Amino acid sequence: MSADASLHLVHNSDRDRFELWDGETFMGLVGYEWDEGVYILLHTVIEERFGQQGIARLLVSLVLTRLRLDGHKIRPVCSYVRRFLVRFPEYQILVAAD
């Protein structure tokens, strides 16, 4: 990340994903499917050069916070998101009932 980071989360609904950008630099994504009002979170992908820097945790927390603020529910399929929910149980409220 640059020293004067301009991180922003983009909901790219045309590609069914949330993207994390630092200015013009793509950092990673959370891919999803939309099913009856629930975001099914499928995978988290971070660009290799940003690995092991906490970017996945930042991205997932931004996505979950945005979904919570917008009143949406999730179904976590992605193994990273599942582990994140165990580590940060305050986001469990987002998980849709089966």
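The rules behind these values
Residues numbered from 1 in each chain as written. Predicted model: local features only at pLDDT ≥ 70, side-chain atom pairs only at ≥ 80, totals over all residues. Heavy atoms only, no water. Buried < 20%, exposed > 50% of the residue type's maximum accessible area, 1.4 Å probe, protein only. Helix = DSSP H or I, 4+ residues; strand = E, 2+ residues; numbered from the N terminus. Arc of directions from axis to C-beta. Contact = heavy atoms within 4.5 Å. Salt bridge = Lys/Arg side-chain N within 4 Å of Asp/Glu carboxyl O. Pairing = 2+ DSSP bridges.

Trainee: Got a minute to help me understand helix H2 (residues 79–87) in this structure?
Mentor: Note: α-helices contain 3.6 residues per turn, so residues at a spacing of three or four share the same orientation. Of all the residues in H2, the buried ones are Val81, Phe84 and Leu85. On an axial view of H2, the arc spanned by its buried residues comes to 100°, and they lie on one face. Away from the buried face of H2 by more than 90 degrees, exposed residues Arg83, Val86 and Arg87 are located. On its buried side, H2 packs onto strand S4 (38–46), helix H1 (55–69) and strand S5 (73–76).

Trainee: What am I meant to see in the pattern of salt bridges here?
Mentor: Oppositely charged side chains can pair when the atoms bearing their charge come close. One pass over the structure, following the stated rule, counts 2 salt bridges. Its salt-bridge partner being Arg17, residue Glu19 comes within 2.7 Å of it at the nearest N-O pair. Since its relative accessible area comes to 4%, Glu19 is described here as buried. Residue Asp70 pairs with Arg66 through a salt bridge whose shortest N-O separation is 3.8 Å. For Asp70, a relative accessible area of 46% gives the class partly exposed. Residue class for Arg66 comes out partly exposed when judged on its relative accessible area of 30%.

Trainee: I'm lost on the environment of Phe88 in this one. Help?
Mentor: Locating Phe88 in the fold gives a position in the segment after H2. What makes Phe88 partly exposed here is its relative accessible area of 21%. In this structure, the C-alpha to C-alpha distance between Phe88 and Ser61, residues 27 residues apart in sequence, is 9.2 Å.

Trainee: Before we go on, may I ask you to explain the pairing of strand S3 (residues 25–35) in this structure?
Mentor: Looking down a regular strand, the side chains alternate between one sheet face and the other. Pairing between strand S2 (residues 17–22) and S3: 6 bridges, direction antiparallel. Pairing of Asp22 across the sheet is with Thr25, part of S3. Relative to S4, S3 is paired through 8 bridges, and the arrangement is antiparallel. The residue of S4 that forms the bridge with Tyr32 is Leu41.

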